[in-house]
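# An overview of the molecular structure
Okay, here's what each chain looks like letter by letter:
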Amino acid sequence: QNYIRRYQDSEVFNEIFEAILNQCIQKEFIDFESVFGDSTHQKANANKNKGINVEVELIKKKYDNDLLDEINQDRLVHGKKAFDSLKTKQTKVDEFTGEVVLKKQVKQTKQSPVDPESGVFHKGEKEKCYAYSHQTFCDKNGYVLVSETVPGNVHDNQSFFTAYEILQKKFPTQIENICLDAGYYTPAICREIILNNHTPYLPYLRPKTKKGFFKKYDYVYDEEYDCYLCPSDKIIKYSTTNREGYRIYVSDPKDCLKCPLRKQCTESKNHQKIIARHVWEYYKEEANHIRHTDKWKEVYPIRKQSIERVFADGKEKHGLRYTRLKGLKKNQHQILMIFGCHNLKKMALFEAKRA
């Protein structure tokens, strides 16, 4: 009741976190050169075996407008018609006015009856449960700079944008490098980091190709002629740009039919090789080039002893494994207090070492 009456709409939790963080900055304990980001889940106070099926409207991604502009520009250059939206149009007739209107894009999901703001979390071998995810950024010493709470069913590469935007506003000029794990290696995230004049430090991601077949890097992209060259030196030409933002390149069936390497290339019945290249693929390639630098080899290994250590300490010492609170707002307040205490404790230890 005290929380409801006094603190429900208060900014006091954020103010406490910021006050502690400002003290860390004033004492020069924080190193802004490289910032490490990741997300961790926290089990919600809800029974995983009970749920109701609901329809929810698909939320527009932060970069959807930019992506649509890029797709349409690419299609117009190739003499094709521009799209009105990224999603396929679905229409219905309004029963009152008789007009044709666009349907809302929806999806089916499972929702907890006691904590509807949590989301179903399921990743790898981890237990399937209702949870909240905390998208967090810290420095190399483990001081937490930003933490944003989202439902557990929101993927890391979507929750990244909100937390990164807050980080940008708080520290617009201090940060140089953004270090993330493989889950964030997408064209949209690489583009966002590079356009904000930060250097992305991301790991190697193994190609997801069937065993015994050529990898995507075996096909050489020619930027000047906008085509691919296959291992048999045949041209794979541009066909179209789809709504997902991928340029589609298709080979000539006549070239593939008699090719001695066809069995290592494609199993398609019409003897065609299809390659998809994102309109923002350039930014992923830039991030991949950075991976071969000496600075990357120096900075990236620190990730496991900074952000991963923050989550380990939070779960072992500060109750980050499970929450009894319900709702996004209360759990956002709780995570700010947990990481505020985490920063305060680190600051005391650093002060003792300095003394």
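Residues numbered from 1 in each chain as written. Predicted model: local features only at pLDDT ≥ 70, side-chain atom pairs only at ≥ 80, totals over all residues. Heavy atoms only, no water.

## Section: the sheet that holds strand 13 (residues 235-241)
Either a parallel or an antiparallel arrangement is found when strands of a sheet pair, and the pairing is made through backbone hydrogen bonds. Quick note on the threshold: The rule for pairing is simple: two strands pair if DSSP sees at least two bridges between them. Each helix corresponds to a stretch of at least 4 residues labelled H or I by DSSP, and each strand to a stretch of at least 2 residues labelled E; elements are numbered beginning at the N terminus. Only the contacting stretch of a helix is used when fitting its axis, a line to C-alpha atoms as for every element, and angles between N-to-C directions run 0 to 180 degrees.
Reading across the sheet, the five strands line up as 11-12-13-14-15 and stay open at both edges, with antiparallel pairing between neighbours. Edge positions in the sheet fall to strand 11 (220-222) and strand 15 (274-278), since each has one partner strand and no second. Each strand axis lies, on average, 35° off the axis of its neighbour in the sheet, ignoring direction. In the sheet, strand 13 pairs with strand 14 (residues 246-250) via four bridges, with the strands oriented antiparallel.

## What to know about helix 2 (residues 12-26)
Counted only if it meets this: Here the expected length of a helix is defined as 1.5 Å per residue gap, with one fewer gap than residues. In this scheme, a residue with accessible area under 20% of its type's maximum is buried, one over 50% is exposed, and one in between is partly exposed, where area comes from a 1.4 Å probe on protein chains only. In this context, the arc is that of the directions from the helix axis out to the C-beta atoms. When checking whether two residues touch, look at their non-hydrogen atoms; a contact exists if any pair is within 4.5 Å.
Spanning 15 residues, helix 2 covers 21 Å between terminal C-alpha atoms, matching the ideal 21 Å at 1.5 Å per step. Where helix 2 is concerned, the buried positions are Phe13, Phe17, Ile20, Leu21 and Cys24. Down the axis of helix 2, the sector holding all buried residues measures 100°, keeping them to one side. In helix 2, the exposed positions that point more than 90 degrees away from the buried face belong to Glu15 and Gln26. In the core, the buried residues of helix 2 are packed alongside helix 1 (2-7), strand 8 (144-151), helix 4 (156-170) and helix 10 (328-354). Just downstream of helix 2, Glu28 is the residue with a positive phi angle, here 60°.

## Looking at the packing of aromatic side chains
In this description, a pair of aromatic rings is defined by centroid distance and the angle of the planes. Applied cut-off: Only the six-membered ring of Trp is used, alongside the rings of Phe and Tyr, when aromatic pairs are assigned; centres must lie within 6.5 Å, and planes under 30 degrees apart are stacked while those over 60 apart are edge-to-face, with the rest tilted. Look at NZ for Lys and CZ for Arg. If either is within 6 Å of the ring centre and within 35 degrees of the ring normal, a charge sits over the ring.
This model, assessed by the stated rule, comprises 19 aromatic pairs. Relative to Tyr228, the ring of Tyr221 lies with its centre 5.1 Å away and its plane at 50°, an arrangement referred to as tilted. Judged by centre distance (5.3 Å) and plane angle (75°), the ring pair of Tyr282 and Tyr283 falls under edge-to-face. Among the aromatic residues, those joined into a cluster by ring pairs are Tyr63, Phe137, Phe160, Phe161, Tyr164, Tyr184 and Trp280. Lying across the ring of Trp280, Arg191 places its NZ or CZ 4.2 Å from the centre. Against the face of Tyr143 rests Lys346, its NZ or CZ located 6.0 Å from the ring centre.

## Quick word on the confidence of the model for the chain
Low pLDDT marks regions whose predicted coordinates should not be analysed in detail. For clarity, the cut-off: What pLDDT expresses is the predictor's confidence in each residue, scored from 0 to 100.
For the chain, per-residue confidence averages 90 on the pLDDT scale, and residues scoring 70 or more make up 95% of the total. In the model of the chain, strand 4 (residues 100-102) stands out as the element of lowest mean pLDDT, 45, in contrast to strand 9 (residues 177-179), which has the highest, 97. For the stretch residues 91-98, pLDDT sits under 50, and the model shows twelve contacts to residues farther than four places along the chain or on other chains.

## A look at the nonpolar core
Selection rule: For our purposes a nonpolar core is just a set of buried Ala, Val, Leu, Ile, Met, Phe, Trp, Tyr and Cys residues, chained together by side-chain atoms within 4.5 Å.
Ranked by size, the top nonpolar core spans 56 residues in total, and within it Phe137, Leu145, Phe160, Leu167, Ile178, Leu180 and Phe339 carry the most contacts. Not counting the four nearest positions on each side in its chain, Phe160 is found in contact with Gln135, Phe137, Leu180, Tyr184, Ile189 and Ile193. Listed in part, the nine residues of the second largest apolar core include Phe214, Tyr219, Cys265 and Ile275.

## Focus on the side chain of Asn343
Applied cut-off: What qualifies as a polar contact is a pair of N or O atoms within 3.5 Å, subject to a donor-acceptor requirement within protein and to the restriction that residues adjacent in sequence count only when both atoms come from side chains.
Following the sequence through the fold, Asn343 ends up in helix 10. Engagement of the side chain of Asn343 in a polar contact is seen with the backbone nitrogen of Val144, the distance being 2.9 Å. In this structure Asn343 touches Phe17, Ile20, Leu21, Cys24, Gly142, Tyr143 and Val144, once residues within four positions along its chain are discounted.

## Comments concerning the pattern of salt bridges
Put simply, the rule reads: Definition used for salt bridges: Asp or Glu carboxyl oxygen within 4 Å of a side-chain nitrogen of Lys or Arg.
In total, this model carries 20 salt bridges according to the counting rule given. Glu308 is the salt-bridge partner of Arg303, the closest N and O atoms lying 3.2 Å from each other. Relative accessible area serves as the criterion here: at 11%, Arg303 is assigned to the buried category.

## Brief notes about the packing of helix 2 against helix 10
What describes two packed helices is the angle between their axes and the distance between those same axes. Applied cut-off: Roughly parallel means an angle under 35 degrees; roughly antiparallel, over 145; roughly perpendicular, 65 to 115; everything else is oblique. Here a crossing is taken to be left-handed if its near helix is turned anticlockwise relative to the far helix by less than a right angle, and right-handed if that turn runs clockwise. Here the term charged refers only to Asp, Glu, Lys and Arg, the term nonpolar to Ala, Val, Leu, Ile, Met, Phe, Trp, Tyr, Cys and Pro, and the term polar to all other amino acids, Gly among them.
The interhelical angle for the contact between helix 2 and helix 10, taken along N-to-C directions, is 20°, at an axis separation of 9 Å. Comparing their axes, helix 10 and helix 2 come out roughly parallel. Crossing geometry of helix 2 relative to helix 10 is assigned as left-handed. Contacts between helix 2 and helix 10 involve Phe13, Asn14, Ile16, Phe17, Ile20, Leu21, Gln23 and Cys24 from the former and His333, Leu336, Met337, Phe339, Gly340, Asn343, Leu344 and Met347 from the latter. Looking at the contact of helix 2 with helix 10 residue by residue, the classes come out as eleven nonpolar, five polar and no charged.

## Concerning helix 7 (residues 281-290)
If you check which residues of helix 7 are buried, you get Glu281, Tyr283, Lys284, Ala287 and Ile290. Against the buried residues of helix 7 lie helix 5 (187-195), strand 10 (199-201), strand 15 and helix 8 (294-299).

## A word on the packing of helix 4 against helix 5
As a packed pair, helix 4 and helix 5 sit with axes 10 Å apart at the nearest point and diverge in direction by 15°. In terms of orientation, helix 4 and helix 5 fall into the roughly parallel class. Pair helix 4 / helix 5 crosses with left-handed handedness. Note on element contacts: helix 5 touches helix 4 through Ala188, Ile189, Glu192 and Ile193, opposite Asn157, Phe160, Phe161 and Tyr164.

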